[in-house]
Amino acid sequence: MSDSTSGSTGSKGISRRGFIAGTGSILGVAALTGRATAAQAAALPTAAPITSGAHVPALVIGTGYGGSVAALRLAQAGVDVHMIEMGMAWDTPGPDGKIFCNTREPDHRSYWLRTKSKAPLNYFLGFPIDRNISRYTGILDAEDFSGITVYQGRGVGGGSLVNGGMAVTPRRENFGAVLPSVNAAEMYDIYYPRANAGLGVNSVDPAWFDSTACYQYARVGRKHAQRSGFPFVFVPDVYDWDYMKQEAAGTVTKSALAGEILYGNNHGKKSLQQTYIARAKATGRVAISPLHKVTSVAPAAGGGYTVVIDQINTNGDTTATKTVTADRVFFAAGSVGTSKLLVKLKATGALPNLNDEVGKGWGDNGNVMCGRANHMWDPTGSLQSAIPCSGIDNWAAGGAFAEVAPLPTGIETYASFYLSITKNPNRAQFSWNAATGKVDLNWQTSWKQPSIDMAKTIFDKINSKEGTIYRTDLFGTYKIWGDHLTYHPLGGAVLNKATDNYGRLTGHPGLYVIDGSLIPGNTSVNPFVTITALAERNIEKIIATDL
Ligand code: FAE
């Protein structure tokens with residue numbers, strides 16, 4: 001399939017019957033939790049990149065969770081879709097035979113257009129650990145704003161390529177604060193189950209967890225949490241736990257047990273490439289153009305939208321600029337990508353009717369990191385699975401949910417490491433800077449203080465009980481808190497504010513937001529299941545009523 005113009009059913013041709021048929025297949029495939037292998041996914045039909053002058057019924061900007069859900073469901077309803085992705089396809093092994101590099105040996109594949117790595121945990125024993133790399137369109141973008149570095153996945157699959165796969169549905173009693181305008185009963189009865197099935201979410205076998213060396217760090221985390229009276233919870237994941245068992249048994253190539261996570265997993269993890277995107281490609285109606293970056297969307301003279309796209313090479317240079325038209329455009333470039341585009345397009349007059357909510361309501365999901373120094377008799381293990389599987393839930397009492405995170409260094413560190421998600425109330429705004437021609441974000445590092453205070457409700461108590469201290473060597477010299485970053489950007493085009501209650505952008509019919517920018521800054525847990533479930537809800541309504 002080329003640029004999707006060939007399909008017999010344009011977006012305007014969707015009938016109610018076609019939609020119902022599409023829904024039937026949705027329900028059918030939602031029952032599947034198996035995954036395609038990377039090789040199988042790559043073998044599915046791929047399209048030539050989009051050509052200048054093409055007309056597409058539906059153009060999706062970005063291939064993360066929101067974009068993949070939109071593409072699959074539109075295609076199942078008979079709409080031809082073209083997905084535009086600024087990152088690489090990540091379907092071809094490098095000279096070492098692997099598609100992705102591991103966290104211990106980051107090479108050019110690790111970072112998006114950087115000449116030095118920028119690891120989230122960037123010191124060890126007080127020494128900096130970042131290393132020089134050659135500039136390349138690598139998989140992890142550490143995007144710097146004035147007060148925060150926002151980590152994001154780049155490539156076909158978006159954040160699913162680099163994340164820990166922790167697939168957490170928020171507690172129902174917290175949902176009202178997460179998405180106040182959304183019917184919780186529908187979400188918990190229909191869309192969260194659909195999202196969990198579509199993503200292939202599953203849980204660690206508790207008996208194996210109790211016996212395997214690679215989760216000793218999490219068992220130490222459990223012991224310390226429980227001795228201080230905190231609820232310890234297992235967290236579901238999209239990693240294939242049977243594969244991990246085989247890794248531990250030494251019968252398959254190691255991935256989670258070889259430090260693969262932040263720069264991609266070569267085996268075991270069900271990224272979107274193995275789930276939603278594989279199924280979208282299998283419809284024959286979805287084409288993807290990697291290394292293509294959308295720079296403009298504006299109303300077209302004859303209806304629909306004119307979309308301007310830069311094709312880039314692996315050095316980040318523009319090699320071609322293409323102009324296409326689309327009947328409908330779905331913004332799925334992630335919270336930062338979508339917000340930056342919309343703020344720029346409103347300010348520069350390309351989309352003048354967007355409302356003043358665009359760019360507002362951005363939060364960091366309250367992310368803050370810290371480590372604790374354990375006693376010598378409490379080792380956390382030299383072999384650590386890179387896939388976290390547990391957390392400490394002190395949300396109700398202290399406003400913090402802490403992942404018990406790995407430090408997969410390959411050596412004994414005597415450290416417990418945590419990524420806390422906290423109820424941080426601060427919200428930032430994106431704005432257009434005409435002088436630099438860039439979009440700024442006004443987050444301030446000091447706005448993390450509420451997150452630190454909430455995380456301390458857990459770790460001060462554990463330290464006091466265990467007679468232990470915070471590590472001061474992981475984020476600098478004598479620095480306890482990793483308060484300079486987030487993995488979980490959310491908001492910037494908030495549901496029912498910048499858009500209607502289903503993601504339709506105000507003022508420009510046919511434009512939709514369908515990613516993490518709809519969520520107002522916090523999900524109380526790791527966000528991608530909620531992003532996926534909300535996208536499932538919204539696309540169902542859009543297909544039923546707009547097409
Ligand atoms: P996202 O997945 O970011 O996809 C957006 C896509 O759009 C990307 O592929 C971009 O390259 C592309 N793009 C951006 N701008 C353009 C443009 N102008 N033109 C073309 N393409 C563009 O968006 N969440 C969890 O729930 N559990 C976890 O365990 C977890 N761990 C994480 C670990 C790390 C290191 C990171 C970075 C994130 C983690 N997350 C986790 C967050 C999660 O990956 C994130 O919330 C989702 O990926 C966001 O999904 P979206 O669909 O909003």
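Here is what the cut-offs are and how they apply
Residues numbered from 1 in each chain as written. Predicted model: local features only at pLDDT ≥ 70, side-chain atom pairs only at ≥ 80, totals over all residues. Heavy atoms only, no water. Helix = DSSP H or I, 4+ residues; strand = E, 2+ residues; numbered from the N terminus. Rg over C-alpha atoms; globule rule 2.2 N^0.38 Å. Contact = heavy atoms within 4.5 Å. Areas by Shrake-Rupley, 256 points an atom, 1.4 Å probe, with all protein chains shown as cover. Lys, Arg positive; Asp, Glu negative; His and termini not counted. Charge placed at Lys NZ, Arg CZ, Asp CG, Glu CD. Pairing = 2+ DSSP bridges. Near = heavy atom within 4 Å. Polar contact = N/O pair within 3.5 Å; in protein donor to acceptor, adjacent residues only side chain to side chain. Nonpolar A, V, L, I, M, F, W, Y, C, P; charged D, E, K, R; others polar. Buried < 20%, exposed > 50% of the residue type's maximum accessible area, 1.4 Å probe, protein only. UniProt positions renumbered as here; feature names shortened; annotations may be inferred. 1 Å grid on protein atoms, 1.4 Å probe; cavity = no way out; pocket = protein on both sides within 12 Å on 5 of 7 lines; lining within 4 Å. Points joined across faces, edges and corners; volume = space filled by probe spheres on them.

## Focus: the overall build of the chain
Part 1 of the argument: The helix and strand inventory of the chain stands at 13 helices and 20 strands.
Part 2 of the argument: Against the compact-globule benchmark of 24 Å for 547 residues, the chain has a radius of gyration of 22 Å, which places it among compact chains.
Part 3 of the argument: Summarising the internal contacts of the chain: among those between residues at least 6 apart in sequence, 74% fall at separations of at least 24.
Part 4 of the argument: For the chain, the exposed surface amounts to about 19100 Å²; the carbon and sulfur share of it is 54%.
Part 5 of the argument: Of the charged side chains in the chain, 49 are positive and 42 negative; the average position of the first set lies 2 Å away from that of the second.

## So, the sheet that holds strand 5 (residues 140-144)
Part 1 of the argument: With mixed pairing, the three strands of this open sheet are ordered in space as 5-6-19. Each edge of the open sheet carries a strand with a single partner, namely strand 5 and strand 19 (485-486).
Part 2 of the argument: When strand 5 meets strand 6 (residues 149-153), the two strands line up antiparallel, connected through five bridges. Following the sheet pairing, Ala142 is matched in strand 6 by Tyr151.

## Topic: the site of the ligand
Part 1 of the argument: Near the ligand there are 36 residues, and of these Glu85, Gly159, Met166, Gly516 and Phe528 occur at the shortest range.
Part 2 of the argument: Gly155 places a main-chain nitrogen or oxygen 3.3 Å from an oxygen atom of the ligand.
Part 3 of the argument: Within the backbone of Pro527, an N or O atom sits 3.1 Å from an oxygen atom of the ligand.
Part 4 of the argument: Protein contacts shield 96% of the accessible area of the ligand, which totals 1000 Å² for the unbound molecule.
Part 5 of the argument: Of all the secondary-structure elements, those providing two or more residues to the shell around the ligand are helix 3 (65-76), strand 6, strand 9 (292-299), helix 10 (334-347) and helix 13 (528-546).
Part 6 of the argument: The element that contributes the greatest number of residues to the shell around the ligand is strand 9, accounting for three residues.
Part 7 of the argument: Of the residues in the shell around the ligand, the class split is 16 nonpolar, 16 polar and four charged.

## Let's talk about unusual backbone geometry
Part 1 of the argument: Of note, Trp90 is a non-glycine position whose phi angle comes to about 50°, a positive value.
Part 2 of the argument: Its place among the elements puts Trp90 in the loop between strand 2 (81-84) and strand 3 (123-124).
Part 3 of the argument: Under the relative-accessibility criterion, Trp90 is labelled buried at 5%.
Part 4 of the argument: A positive phi angle, near 50°, is found at Leu113, a position not held by glycine.
Part 5 of the argument: Structurally, Leu113 can be placed in the loop between strand 2 and strand 3.

## A short note on the UniProt feature "domain: Glucose-methanol-choline oxidoreductase C-terminal" (unreviewed entry) in the chain
Part 1 of the argument: In the numbering adopted here, UniProt assigns the feature "domain: Glucose-methanol-choline oxidoreductase C-terminal" (unreviewed entry) to residues 486-535.
Part 2 of the argument: Between the C-alpha atoms that bound residues 486-535 the distance is 22 Å, and the span itself is 16% helix and 8% strand.

## Observations regarding empty space enclosed by the protein
Part 1 of the argument: Inspection of the entire model under this criterion finds one cavity of 30 Å³ or more.
Part 2 of the argument: The space that makes up the largest cavity amounts to roughly 50 Å³.
Part 3 of the argument: For the lining of the largest cavity, the secondary-structure elements that each account for two or more residues are strand 14 (400-405) and strand 15 (415-422).
Part 4 of the argument: A class-by-class count of the residues in the lining of the largest cavity yields seven nonpolar, three polar and no charged.

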